[in-house]
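Close look at the chain arrangement
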Amino acid sequence: MKVNGQFATKGTDYAEEEVISHVWVQLLIHANVYFYGVWLVVTVIHLHQEIPNFAGFLILSLLIQLPLQIYLLLATHTISHTVATVVQSTTIALLALQIIVGVPAMRQLSAFRRKQFQTERWQYMGKRSVAKENK
């Protein structure tokens, strides 16, 4: 707060800071938080069926998101804030859990699809050889 052209203090050596906020950014953050549940359900159902998307999801989580989250945890500007440290630690723990659970799920899904492909291929080859014998 300015008093006679200077910043007034509240019993400290620091000048009072003006809080600047943006309503649209806050609204978008709230919408993002509420939309996260819908996004999560749709993503889990969709990724369960498609191997390339699931693999891309795991690769991005491991190679991009995890290093960025670790940086945000270890960066000097977040260490002094307890809340930020707790939130980042929780985010990293959930991300690590996601990767730990996701890799075996990806292997299992890949093995299932490989077996399904081989079964269909042998059925096709069997039908093809029967069709040649009938000619």
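Residues numbered from 1 in each chain as written. Predicted model: local features only at pLDDT ≥ 70, side-chain atom pairs only at ≥ 80, totals over all residues. Heavy atoms only, no water.

Looking at the overall build of the protein
This is how the line gets drawn: Each helix corresponds to a stretch of at least 4 residues labelled H or I by DSSP, and each strand to a stretch of at least 2 residues labelled E; elements are numbered beginning at the N terminus. Note on exposure labels: buried denotes an accessible area under 20% of the residue type's maximum, exposed denotes more than 50%, and partly exposed covers the range between, all computed with a 1.4 Å probe on protein chains only. Residues are treated as being in contact if the distance between any of their heavy atoms lies within 4.5 Å. Computed with a 1.4 Å probe, the accessible areas rest on the Shrake-Rupley method; for each residue, only the protein chains presented here act as cover.
Each helix and strand counted, the protein has four helices and two strands in total. Of the regular secondary structure in the protein, the N- to C-terminal order runs β-β-α-α-α-α. Out of the 135 residues belonging to the protein, those deemed buried represent 13%. Long-range pairs, those at least 24 residues apart, make up 51% of the contacts in the protein between residues at least 6 apart in sequence. When the accessible area of the protein is evaluated, it comes to approximately 11,700 Å², of which 66% is carbon and sulfur surface.

Considerations on the UniProt feature "transmembrane region" (unreviewed entry) in the protein
Threshold: UniProt positions are given in the numbering used here, feature names are shortened, and annotations may be inferred rather than shown by experiment.
Following the UniProt record, the feature "transmembrane region" (unreviewed entry) maps to residues 23-42, 54-74 and 86-106 here. Along residues 23-42 one finds 100% helix and 0% strand; the C-alpha atoms at either end are 29 Å apart. Secondary structure content for residues 54-74 is 100% helix and 0% strand, while the C-alpha to C-alpha distance between its ends is 29 Å.

Some details on the environment of Leu-74
Inspection of the secondary structure puts Leu-74 in helix H2 (residues 51-74). Leu-74 gets classed as exposed once you look at its relative accessible area, which sits at 58%. Separated by 14 residues in sequence, Leu-74 and Gln-88 place their C-alpha atoms 9.3 Å apart.

Thoughts on the nonpolar core
The condition is simple: Note on terminology: a nonpolar core comprises buried Ala, Val, Leu, Ile, Met, Phe, Trp, Tyr and Cys residues joined through side-chain atoms within 4.5 Å.
Ranked by size, the top nonpolar core spans five residues in total: Leu-66, Leu-73, Ile-92, Leu-95 and Ile-99. For this core, the secondary structure elements donating two or more residues are H2 and helix H4 (82-134). Of all the elements, H4 adds the most residues to this core, at three residues. In this view, Leu-95 contacts Ser-61, Gln-65, Leu-66 and Gln-69; residues no more than four positions away in its chain are not counted.

Some remarks on the confidence of the model for the protein
To be explicit about the condition: Each residue carries a pLDDT value, the predictor's own confidence for that position, ranging from 0 to 100.
Across the protein, pLDDT averages 77, with 80% of residues at or above 70. Looking across the protein, the model is least confident in strand E1 (residues 2-3), with a mean pLDDT of 53, and most confident in H2, with 85.

Here we look at the side chain of Gln-69
As a reminder of what qualifies: Think of a polar contact as two N or O atoms within 3.5 Å of one another; within protein, one of them needs to be a possible hydrogen donor and the other a possible acceptor, and neighboring residues in sequence only count if both atoms come from side chains.
Along the chain, Gln-69 turns up in helix H2. Residue class for Gln-69 comes out buried when judged on its relative accessible area of 13%. Side-chain polar atoms of Gln-69 contact the side chain of Gln-88, separated by 2.6 Å. Among all residues touching Gln-69, those that are not within four sequence positions of it are Gln-88, Thr-91, Ile-92 and Leu-95.

Things to note about the packing of H2 against H4
The condition is simple: Between the N-to-C directions of two axes lies an angle of 0 to 180 degrees, each axis being a line fitted to C-alpha atoms and, for a helix, fitted only over the stretch in contact. Angular relationships are summarised with four words: roughly parallel below 35 degrees, roughly antiparallel beyond 145, roughly perpendicular across 65 to 115, and oblique for the angles in between. It is the rotation of the near helix from the far one that decides the hand of a crossing: anticlockwise by less than a right angle makes it left-handed, clockwise makes it right-handed. Lys, Arg, Asp and Glu make up the charged group, whereas Ala, Val, Leu, Ile, Met, Phe, Trp, Tyr, Cys and Pro make up the nonpolar group; the residues left over, Gly among them, are polar.
Relative to each other, H2 and H4 sit at 160°, their axes nearing to 9 Å. Here H4 runs roughly antiparallel to H2, going by the angle between their axes. Relative to H4, H2 is oriented so that their crossing is left-handed. Of the residues that constitute the contact of H2 with H4, the class distribution is 17 nonpolar, 10 polar and one charged.

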